[in-house]
Amino acid sequence: MSTTIIDLSLWDLMTVYSLLLMSIGLAHLLKAGQGRDIFWSGLRMFVQLLLVGYVLHLVFSLQSALPVLLILAVMIGFAVQTIGARVQVKMPRFYRVVGTAILFGCGGMTFFFCLVVIGLKPWYDPRYLIPLAGMVIGNSMTGASLAVERLNAEFRERREEIETTLCLGSTVQLAAEPAVSSAFRAALIPSVNAMAAMGLVFLPGMMTGQILSGTEPLIAVKYQIAIMCVITGSVALTTFLILRLGYRSYFTSYQSLRED
Amino acid sequence: MSLTELLLAKDVTASRPSETGLPVRVLQKTTLGVNAGELLAVVGPSGSGKSTLLRLYNRLLEPESGQILLSGRNIKSFSPPVLRARIPLVAQKPYLFHGTVKDNLQASARLRRAALPDLQAEEIKGLIERCQVSPSWFDRDARKLSIGQQQRICLARAMLGPCEALLLDEPTSALDRPTADQMANSFRQLADNMGLAIILVTHDLRLAERCADRIALLLDGAVVEEGPASQILHNPQTAGARQFLMSEPIEHRGATA
């Protein structure tokens with residue numbers, strides 16, 4: 001039994017791409033009209049991942065902090081942009097609010113894990129920092145879009161309630177509380193469910209990857225547990241920051257609901 | 001206009017965003033005030049600026065120019081929550097929080113983080129009675145009561161704070177005639193017995209005549225007539241007022257309480 005992973009040759013990759021051809025064929029058979037999408041998505045994946053592979057290869061060999069931080073910044077930028085594209089109605093100051101929340105929520109949690117828990121040396125070791133940050137940001141992105149969307153829906157649905165509350169002498173913070181807590185719950189549900197189903201329903205990607213590349217399963221399991229805690233922490237902190245910074249944008253400076 | 005008005009809008013100008021995106025002026029240098037113990041009815045057609053004016057008094061909206069004074073003090077010098085507890089607004093459609101009638105009556109105190117009122121205390125019992133809320137409803141689910149009962153609870157709920165003036169935005173428009181008349185009696189009593197300054201925005205001229213000390217007619221964002229009900233409704237001085245009164249349904253006119 002080998003302890004290092006078996007490399008895939010170009011020929012191997014072409015073989016698995018034949019499975020996409022099969023999928024296109026099946027889509028054609030059922031007149032699903034999805035053949036084009038499958039083809040282009042498959043091609044995009046190939047090009048994008050190959051590029052990422054080369055960039056990572058380069059960054060790993062450079063052994064310097066700057067390119068690593070640059071990559072993290074690009075990741076955060078893409079995350080904010082993706083959330084912006086996903087969310088239909090944006091709150092005022094949307095990009096500033098979401099950018100700040102992702103930066104401090106995801107950045108804080110990733111560095112906490114790498115520096116305090118793992119004790120990474122050097123602190124910027126890209127082999128750890130980049131994939132971990134990717135997982136943390138990716139999951140927080142989902143949480144953040146859920147939070148932003150839910151907050152907006154709550155403010156629309158609860159307009160009457162919030163205004164009644166204000167008219168009875170409530171502060172905006174208290175008036176927004178039901179909307180904010182409901183948005184927080186919505187954002188955390190995927191992480192909570194993932195933790196509960198972990199190992200039963202699916203073997204998580206990171207653990208699978210580590211086992212494939214020869215890591216002792218028990219170490220892989222410990223890493224998986226740790227990363228799930230970090231992800232949940234990051235989703236919670238990012239969402240909290242978005243909601244705390246974001247709810248005020250629904251109110252005027254004189255503490256009434258903004259007209260829309 | 002005297003200087004003693006408890007609540008006064010002075011030369012207020014306000015706009016609203018319209019569907020085209022351009023702001024539309026709804027109030028043009030409007031001045032209107034109410035004294036303690038007085039019930040002022042503001043009448044006028046839809047879009048005349050009545051609701052906008054009402055929402056300026058407790059700072060749900062801000063005027064572009066002019067000012068609102070509470071006991072001679074600009075309302076900007078109060079924190080908005082404190083101001084709104086002193087000048088609560090009761091909306092057209094009653095909104096009750098989840099929970100019992102009692103929960104709702106205590107909501108204002110809870111929201112202001114103040115001590116909950118004792119609903120059995122004599123003074124508070126009297127107040128709740130004036131709003132025609134029955135103590136037998138206290139433990140019932142507030143949202144299961146009739147619209148008329150819900151609106152009376154909203155009135156009592158607003159009153160159970162440090163209330164000095166009351167803003168009523170078409171509070172009876174969802175109610176049938178007898179229920180609306182009962183509420184009008186409550187408004188009258190609150191002004192007479194508690195010395196409240198009340199501004200009642202309404203479409204209903206008959207209701208205004210029934211309970212108001214004074215009526216102000218708002219047309220296109222300006223007060224065109226102001227005075228006792230009998231004068232405004234039966235002896236209008238301006239062509240605009242006469243036209244507005246003509247356009248109102250006959251049953252709303254002439255009838256006296």
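Note on numbering: residues in each chain are counted from 1, in written sequence order. Each chain takes a letter, starting from A, and each ligand takes a number, starting from 1, following the order in which they are written. Two thresholds apply to this predicted model, a pLDDT of at least 70 for residue-level local features and 80 or more for giving and counting side-chain atom pairs, whereas whole-chain, interface and lining totals are computed over all residues.

(A) Just the overall build of chain A, in detail. Assigned secondary structure in chain A consists of nine helices and zero strands. For chain A, the spread of C-alpha atoms along the three principal axes comes to 70 × 55 × 35 Å. In this scheme every C-beta is placed from the backbone, and a residue whose C-beta has 20 or more other C-beta atoms within 10 Å is buried, one with 12 or fewer is exposed, and one in between is partly exposed. When the 260 residues of chain A are sorted by exposure, 29% land in the buried category. With C-beta atoms placed from the backbone, a contact is any residue pair whose C-beta atoms sit within 7 Å. Residue pairs at least 24 apart in sequence account for 73% of intrachain contacts in chain A once pairs closer than 6 positions are excluded. Counting from the N terminus, the helices are the DSSP runs of H or I reaching at least four residues and the strands are the DSSP runs of E reaching at least two.

(B) Seen up close, the pairing of strand β3 (residues 39-43) of chain B. Residues and elements named next belong to chain B. Within β3, five of the five residues are buried, which leaves it mostly tucked inside the rest of the structure. What you see with β3 is no split at all: L39, A41 and V43 on one side and L40 and V42 on the other are buried throughout. At least two DSSP bridges between two strands are needed for those strands to be called paired. When β3 meets strand β8 (residues 197-202), the two strands line up parallel, connected through five bridges. Considered in β8, the bridge of V42 is made with V201.

(C) Representation of the packing of helix α7 (residues 172-197) of chain A against helix α9 (residues 217-246) of chain A in the model. Residues and elements named next belong to chain A. Relative orientation of the contacting elements α7 and α9 amounts to 170°, with a least axis distance of 10 Å. Taken together, the axis directions place α7 and α9 in an arrangement best described as roughly antiparallel. Between α7, through V180, A183, F184, A187, L188, S191, A194 and M195, and α9, the contact on the second element is made entirely by M228, I231, T232, V235, A236, T239, F240 and L243. Residues are grouped as follows: Ala, Val, Leu, Ile, Met, Phe, Trp, Tyr, Cys and Pro are nonpolar; Asp, Glu, Lys and Arg are charged; all remaining types, including Gly, are polar. Here the residues of the contact of α7 with α9 sort into 13 nonpolar, three polar and no charged. Axis definition: a line fitted to C-alpha atoms, over the contacting stretch in the case of helices. Angles run 0 to 180 degrees between N-to-C directions. Roughly parallel refers to an angle under 35 degrees, roughly antiparallel to one over 145, roughly perpendicular to one between 65 and 115, and oblique to any angle outside these ranges.

(D) Representation of the pairing of strand β2 (residues 23-34) of chain B in the model. Residue and element names in this part refer to chain B. Note: strand β1 (residues 7-17) against β2, eight bridges, orientation antiparallel. Across the sheet, P17 pairs through a bridge with P23, a residue of β2. Following β1, the chain reverses through five residues before pairing antiparallel with β2; G21 in that reversal takes a positive phi of roughly 95°.

(E) Just the sheet that holds β1(B), in detail. Residues and elements named next belong to chain B. One open sheet accounts for four strands, arranged β2-β1-β4-β5; its pairing is antiparallel. Each end of this open sheet is capped by a strand with a single partner; those strands are β2 and β5 (73-74). Sheet contacts for helix α1 (residues 50-57): β1, β2 and β4 (65-70); angle to β1, the most-contacted strand, approximately 120°.

(F) Layout of the sheet that holds β3(B). Sheet architecture is open: six strands sit in the order β6-β7-β8-β3-β9-β10 (chain B), paired in mixed fashion. Every interior strand has two partners, whereas the edge strands, β6 (89-90) and β10 (222-227) of chain B, have only one.

(G) Highlighting the domain arrangement of chain B. All names here are of chain B. Parsing chain B into structural domains produces domain 1 (7-88 + 163-252) and domain 2 (94-160). Put simply, the middle of domain 1 and the middle of domain 2, counted by C-alpha atoms, are 24 Å apart. Contact residues are listed per partner, giving 14 residues for domain 1 and twelve residues for domain 2. Here the side of domain 1 that touches domain 2 gets seven residues from one element, more than from any other, and that element is helix α7 (residues 177-194). When the residues that make up the side of domain 1 that touches domain 2 are grouped by side-chain class, the tally is nine nonpolar, five polar and no charged. Annotation comment: domain bounds sourced from an automatic or database domain assignment.

(H) Examining the interface of chain A and chain B more closely. Taken together, the contact pairs 15 residues of chain A with 21 residues of chain B. The biggest single contributor to the side of chain A that touches chain B is helix α6 (residues 159-167) of chain A, with six residues. Residue composition of the side of chain A that touches chain B, by class: five nonpolar, seven polar and three charged.

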